[in-house]
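Next come the chains, spelled out residue by residue.
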Amino acid sequence: MGIQRRGMLMFMPGRTGVSFVPTINRRRISTAPEFTDLAWYLHALVPALVTAGPRGYEAIEVRY
């Protein structure tokens, strides 16, 4: 079994928006490890979420 990547998924009212926060074993970009590999998460999540009704997506890196 490979490394499990986990996060928090929250649907907005009406399911027109969704928020995802990678939390455990966050996948990082190998050449810039301070950044999350957002493309990897989008590739994994978007196909599964298409049927839920979101109209689109926006990916941002939020530093805290």
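Conventions and cut-offs
- Residues numbered from 1 in each chain as written.
- Predicted model: local features only at pLDDT ≥ 70, side-chain atom pairs only at ≥ 80, totals over all residues.
- Heavy atoms only, no water.
- pLDDT = per-residue confidence, 0-100.
- Helix = DSSP H or I, 4+ residues; strand = E, 2+ residues; numbered from the N terminus.
- Salt bridge = Lys/Arg side-chain N within 4 Å of Asp/Glu carboxyl O.
- Buried < 20%, exposed > 50% of the residue type's maximum accessible area, 1.4 Å probe, protein only.
- Phe/Tyr/Trp six-rings, centres within 6.5 Å; stacked < 30°, edge-to-face > 60°.

A. Structural view of the confidence of the model for the protein. Looking at the protein, the pLDDT average stands at 80 and 95% of residues meet or exceed 70. Per-element averaging of pLDDT across the protein places strand β2 (residues 18-24) at the bottom with 80 and strand β3 (residues 28-29) at the top with 90.

B. Up close: the pattern of salt bridges. As enumerated under the stated definition, the model contains one salt bridge in all. The salt bridge partner of R27 is D37, with a shortest N-O separation of 3.5 Å. Here R27 is found in the loop between β2 and β3, whereas its partner D37 is found in the loop between β4 (32-36) and α1 (38-49), with ten residues between them in sequence. On the accessibility criterion, R27 (29% relative accessible area) is partly exposed. A relative accessible area of 19% places D37 in the buried class.

C. Summary view of the packing of aromatic side chains. Applying the stated rule across the entire model yields two aromatic pairs. Arranged with centres 5.5 Å apart and planes meeting at 40°, the rings of F20 and Y41 form a pair that is tilted. With a gap of 21 residues between them, F20 in strand β2 and Y41 in helix α1 connect regions that are remote in the sequence. Given the relative accessible area of 27%, F20 is considered partly exposed.

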